[in-house]
Amino acid sequence: MKKKMLIISILLMVGGVFGNILFTRLGYFPNADFRIMSIPLAAGAHYFNLGLVLLAMTLGGLVLLPWFLEKKQFSKTVLSLVLIIWLPEVV
């Protein structure tokens, strides 16, 4: 059970990050003004519902991750957070 939940949390994070990269490249987030963890959430007077879904996926995976890691929970969680924020900016 623990291993399945670890895989689910990692898949949620990966889906959120790569979904963010994909939809940004496809132009779903034009002129984004407000971002949380590099995920665009708003531009001008409208909000991006897709951005909210991606943020929920990413945060859900990030919150579940420490509970299901067996060793080095803090360092792996911090590394995941850094990658979530840094990777979309680099790509």
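(A) Summary view of the nonpolar core. With 18 residues, the main nonpolar core has Leu6, Met13, Ile39, Leu55, Leu65 and Ile84 as its most contacted residues. Residue assignment for this core shows that the elements contributing at least two residues are helix H1 (2-25), strand E2 (39-43) and helix H2 (49-68). In this structure, Ile39 is in contact with Asn20, Phe34, Gly51, Leu54, Leu55 and Thr58, ignoring residues within four places of it in sequence.

(B) Layout of the sheet that holds strand E1 (residues 34-36). Read from one edge of the open sheet, 3 strands run E1-E2-E3, paired in antiparallel fashion. In this open sheet, the two edge strands, each paired with only one partner strand, are E1 and strand E3 (46-47). As paired elements, E1 and E2 share 3 bridges and run antiparallel to each other. Residue pairing across strands places Arg35 opposite Pro40, the latter belonging to E2. The sheet contacts of H2 involve E1, E2 and E3, and relative to E2 the element is tilted by about 150 degrees.

(C) Examining a nonpolar patch on the surface more closely. A contiguous nonpolar surface patch, about 790 Å² in accessible area, is contributed by Phe74, Val78, Leu79, Val82, Leu83, Trp86, Val90 and Val91. Mapped onto the elements of the fold, Leu83 is located in helix H3 (residues 73-90).

(D) Seen up close, the packing of aromatic side chains. Tallied over the full model, the rule gives 2 aromatic pairs. Residues Phe23 and Tyr28 carry aromatic rings whose centres are separated by 5.1 Å and whose planes lie at 70 degrees to one another, so their mutual orientation is edge-to-face. Looking at Tyr28, the relative accessible area reads 48%, which means it is partly exposed.

(E) Quick peek at the UniProt feature "transmembrane region" (unreviewed entry) in the chain. Under the UniProt annotation, the feature "transmembrane region" (unreviewed entry) is placed at residues 47-69. Helix and strand shares over residues 47-69 are 87% and 4% respectively, and the end C-alpha atoms of the span are 34 Å apart.

Reading the values: rules and limits
- Every chain begins its residue count from 1, and numbering advances along the sequence as written.
- pLDDT decides what is reported in this predicted model: residues at 70 or higher carry local features, side-chain atom pairs at 80 or more are listed and counted, and totals for whole chains, interfaces and linings draw on all residues regardless.
- Side-chain metrics in this entry use all non-hydrogen atoms of the structure; hydrogen atoms and water are not considered.
- Residues enter a nonpolar core if they are buried and are Ala, Val, Leu, Ile, Met, Phe, Trp, Tyr or Cys, with the set joined through side-chain atoms within 4.5 Å.
- Here's how the labels work: a residue is buried when its accessible area is under 20% of the maximum for its type, exposed when over 50%, partly exposed in between, all with a 1.4 Å probe on protein chains only.
- Working definition: helices are DSSP H or I runs of at least four residues, strands are E runs of at least two. Numbering for both runs from the N terminus.
- The criterion used for residue contact is that any of the two residues' heavy atoms lie within 4.5 Å.
- DSSP-based pairing: two strands are paired if at least 2 bridges between them are found.
- Comment: axis = line fitted to C-alpha atoms, over the contacting stretch for helices; angle = value between 0 and 180 degrees taken between N-to-C directions.
- The patches described consist of residues with a relative accessible area above 30% and no salt bridge, like charges being joined within 9 Å and nonpolar side chains (Val, Leu, Ile, Met, Phe, Trp, Tyr) within 5 Å.
- Surface accessibility in these figures is a Shrake-Rupley result with a 1.4 Å probe; residues are shielded only by whichever protein chains are displayed.
- By definition, a salt bridge exists where a carboxyl oxygen of Asp or Glu is found within 4 Å of a side-chain nitrogen of Lys or Arg.
- Two rings from Phe, Tyr or Trp (for Trp, the six-membered ring) form a pair when their centres sit within 6.5 Å of each other. Planes less than 30 degrees apart are called stacked, planes more than 60 degrees apart edge-to-face, and all others tilted.
- UniProt positions are given in the numbering used here, feature names are shortened, and annotations may be inferred rather than shown by experiment.

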